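Report on the structure
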Amino acid sequence: MIRATRLPEWPERLAAFIEARRDMPFDWAVNDCCVLAADAVLAMTGRDFLADYRGRYVNEAQAEALMGEGGITAFLPRVMAAFGAPELPPAEAQRGDVALIGLENQLVCGVVTGPHIAAPGARGLAFVPLRRATMAWGV
C-alpha cells in the first residue's frame with residue numbers, strides 16, 4: 001500500500017474537475033459516484049483507486065455484483081485501504097478527500113469540496129453538506 005501524494009497544483013486540478021463535471025448527470029461506469037470520486041482523486045494525485053474495477057460493469061446490477069456483499073459500505077473502505085487512503089472521522093475530512101453520504105435515498109460516495117461533498121445526481125453534481133457524511137478517507 002502506497003499512499004497517494006497530491007500533485008502541487010491539486011487545488012486548481014480539483015476546481016477544474018468539479019467545474020467540468022458540474023452539469024454531467026449520473027451514468028453508470030461513466031459518472032457514477034465511485035467513478036466521480038476516483039476521477040477527482042486521479043486528477044489530484046495521478047493515481048486511480050478504481051483502476052482494478054473500471055470497464056468491469058455498465059449497469060447497477062453489475063456494479064452491485066462487483067462491490068459484493070455489503071455494497072458500497074464494505075467496498076469503499078476496502079478499496080480506499082488498498083489505495084493507502086486512511087479512514088478518518090467525517091468531521092475531519094478536508095477538501096479533496098473522499099466521503100460516503102446519503103443522497104436521494106441511497107448511500108453514495110463523493111469528493112469533499114470544502115463544506116460540501118460533490119456527488120453525481122440526476123441532473124449534474126449535487127452538493128451535500130459535509131456534516132451529512134457517514135464515512136471519510138484522507139487522500
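Report on the accompanying structure.

Reading across the sheet, the 6 strands line up as β1-β6-β2-β3-β4-β5 and stay open at both edges, with antiparallel pairing between neighbours. With one partner strand each, in any of the chains shown, β1 (87–88) and β5 (124–129) form the two edges of the open sheet. Judged from the 6 bridges that link them, strand β4 (residues 116–121) and β5 form a sheet pairing that is antiparallel. The residue of β5 that forms the bridge with A118 is F127. Each of β2 (98–103), β3 (106–112), β4 and β5 touches helix α2 (residues 33–45); the most contacted strand, β3, lies at about 15° to it.

Before going further, it helps to examine the side chain of R6. Position of R6 among the secondary structure elements: in the segment before α1 (10–21). The buried category is assigned to R6, whose relative accessible area is 18%. Within the structure, R6 has its side chain in polar contact with the side chain of D97 (distance 2.9 Å). Of the polar contacts made by the side chain of R6, one reaches the backbone oxygen of V139; its length is 2.8 Å. Excluding residues within four positions of it along the chain, R6 makes contact with M44, T45, R95, G96, D97 and V139.

All right, on to the pairing of β4 then. Buried residues dominate β4, accounting for 5 of its 6 residues. Pairing geometry for β3 and β4, over 2 bridges, is antiparallel. Bridged to V111 within β4 is A118.

What follows is about the nonpolar core. Ranked by internal contacts, the top residues of the largest apolar core, which has 51 residues, are F49, L76, V98 and C109. The leading source of residues in this core is α2, at 10 residues.

Next up on the list: the side chain of D32. Within the fold, D32 resides in the loop between α1 and α2. It turns out D32 is buried and unbridged, and the closest side chain with the opposite charge, R54, is 7.8 Å from it. At a separation of 2.8 Å, a polar atom in the side chain of D32 contacts the main-chain amide nitrogen of A29. A distance of 2.9 Å separates a polar atom in the side chain of D32 from the backbone nitrogen of V35. Setting aside residues up to four positions removed in sequence, D32 forms contacts with F26, D27, Y57 and P120.

About the criteria used
Residues numbered from 1 in each chain as written. Predicted model: local features only at pLDDT ≥ 70, side-chain atom pairs only at ≥ 80, totals over all residues. Heavy atoms only, no water. Pairing = 2+ DSSP bridges. Helix = DSSP H or I, 4+ residues; strand = E, 2+ residues; numbered from the N terminus. Contact = heavy atoms within 4.5 Å. Axes fitted to C-alpha atoms, helices over the stretch in contact; angles between N-to-C directions. Buried < 20%, exposed > 50% of the residue type's maximum accessible area, 1.4 Å probe, protein only. Polar contact = N/O pair within 3.5 Å; in protein donor to acceptor, adjacent residues only side chain to side chain. Core = buried A, V, L, I, M, F, W, Y, C linked by side-chain atoms within 4.5 Å. Lys, Arg positive; Asp, Glu negative; His and termini not counted. Salt bridge = Lys/Arg side-chain N within 4 Å of Asp/Glu carboxyl O.

All quantities given are derived from atomic positions and should not be read as evidence of function.
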